[in-house]
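Report on the structure
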Amino acid sequence: MTRTLLSGGRVFDGTGAVVADGDIVVEDGKILDVGTGLDGDERIDVTGLTVLPGFIDCHVHTTFSGWMGDRLAHRPFSYGYFEAVRNLARTLDCGITTVRDAGGADLGMRQAVEDGLIEGPRLRIAITILSQTGGHNDGLLPSGACVPLFPPHAGRPDGVVDGPEEMRKRAREIIRAGADVLKVCTSGGVLSPRDNPRHAHFRPTNWTPWSPRRPRPGCR
């Protein structure tokens with residue numbers, strides 16, 4: 001294995017320690033040692049630079065590049081995956097080494113990064129977002145057309161659910177599809193057509209069912 005030495009720079013290790021002069025030795029993509037007076041098979045001069053640990057971005061959508069608007073309705077289905085290849089490479093170039101994709105990326109994208117087929121940070125994926133009918137992931141427009149943010153396909157289950165049983169089943173399907181995390185929209189959003197961010201969606205898990213002795217919620 002080739003030992004690569006980064007020398008002449010300063011090191012910020014993220015532990016709260018003061019930034020200080022130091023060398024770093026890397027082998028097979030892993031840091032072996034940090035200190036002074038180190039050696040290696042290859043040397044990279046980082047004089048005047050500060051070496052930082054990889055950053056983590058906890059909320060990205062790699063298949064989008066900004067606000068889509070009407071373009072979403074006219075974008076070919078597979079286009080977002082090719083756009084993600086560029087976005088993942090740019091994210092890695094920024095020094096971000098791990099991202100949590102909160103909707104859009106599927107198991108194939110994560111595996112392509114892991115196998116080295118495309119360049120990108122480590123991916124933790126939600127695959128889609130879970131919302132109620134009329135919620136943030138419901139793409140039905142007043143015209144009757146439907147333009148979902150994350151169209152369902154074989155690797156991305158539909159994210160619109162109503163009620164506890166549908167939620168349980170869909171959560172299981174998304175985990176089966178390879179999700180690392182589940183994203184649940186507990187309010188409306190700003191991009192979906194007929195919901196409002198101020199309106200709470202879904203019931204809390206500790207809600208009390210209606211009974212003859214208790215007024216029905218919303219009724220007098």
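Preceding block: the structure.
The sections below set out a description of the structure shown in this document. (Residues numbered from 1 in each chain as written. Predicted model: local features only at pLDDT ≥ 70, side-chain atom pairs only at ≥ 80, totals over all residues. Heavy atoms only, no water.)

**Quick notes on the sheet that holds strand E1 (residues 3-7)**
Our working rule: One requirement defines pairing of two strands: DSSP has to find at least two bridges between them. Labels follow the DSSP assignment, with helices taken as runs of H or I lasting at least four residues and strands as runs of E lasting at least two, numbered in each case from the N terminus. Here an axis means a line fitted to C-alpha atoms, over the contact stretch when the element is a helix, while the angle between two N-to-C directions is reported on a 0 to 180 degree scale.
Spatially, the four strands line up as an open sheet ordered E5-E4-E1-E6, and their pairing is mixed. The open sheet has two edge strands, strand E5 (30-35) and strand E6 (42-45), and neither has a second partner. Taken pair by pair, the neighbouring strands of this sheet meet at an average axis angle of 20°, ignoring direction. Examined bridge by bridge, strand E4 (residues 23-27) and E5 share five bridges and lie antiparallel to one another. In the sheet register, Val25 faces E5, and the bridge partner there is Asp33.

**Remarks on the side chain of Asp101**
Which entries qualify depends on this criterion: Think of it in three bands: residues with accessible area under 20% of the maximum for their type are buried, residues over 50% are exposed, and the middle band is partly exposed, with areas taken using a 1.4 Å probe on protein chains only. Neither His nor the chain ends is counted toward charge; the positive residues are Lys and Arg and the negative residues Asp and Glu. By salt bridge we mean one thing: a side-chain nitrogen of Lys or Arg within 4 Å of a carboxyl oxygen of Asp or Glu. By the criterion applied in these results, polar contacts are pairs of N or O atoms within 3.5 Å in which, for protein atoms, one can donate a hydrogen and the other can accept it, and in which residues neighboring in sequence qualify only through two side-chain atoms. Whether two residues are in contact is decided by their heavy atoms, any of which lying within 4.5 Å being enough.
Among the secondary structure elements, Asp101 is positioned in strand E9 (residues 96-101). One buried charge, Asp101, has no salt-bridge partner; the nearest side chain with opposite charge is Arg156, at 7.7 Å. Here Ala105 takes part through its backbone nitrogen, which lies 3.3 Å from a polar atom of the side chain of Asp101. Contacts of Asp101, omitting those with residues within four sequence positions, involve Val60, His61, Thr62, Leu123, Arg124, Ile125 and Ala126.

**A word on the environment of Gly95**
Within the secondary structure layout, Gly95 lies in the loop between helix H2 (79-93) and E9. Of the residues examined, Gly95 reaches a relative accessible area of 28% and is grouped as partly exposed. Along the chain, Gly95 and Ile56 lie 39 residues apart, while their C-alpha atoms are 8.9 Å from each other. Setting aside residues up to four positions removed in sequence, Gly95 forms contacts with Gly54 and Phe55.

**Quick notes on the pairing of strand E10 (residues 122-125)**
Our working rule: Seen with the strands pointing away from the viewer, any crossover whose path from the first strand over the helix to the second strand runs clockwise is right-handed.
Because side chains alternate across E10, one face comprises the buried residues Leu123 and Ile125, and the other comprises Arg122 and Arg124, none of which is buried. Both E9 and E10 contribute to a ladder of four bridges, which runs parallel. Paired with Arg100 across the bridge in E10 is Arg124. Note that the unit made of E9, helix H3 (residues 107-114) and E10 has a crossover that is right-handed.

**Comments concerning the side chain of Thr98**
Here Thr98 shows up in strand E9. Residue classification places Thr98 among the buried residues on the basis of a relative accessible area of 13%. Within the structure, the side chain of Thr98 is placed 3.2 Å from the side chain of Arg122, a separation counted as a polar contact. If we skip the residues at most four places from it in the chain, Thr98 touches Phe55, Ile56, Asp57, Pro121 and Arg122.

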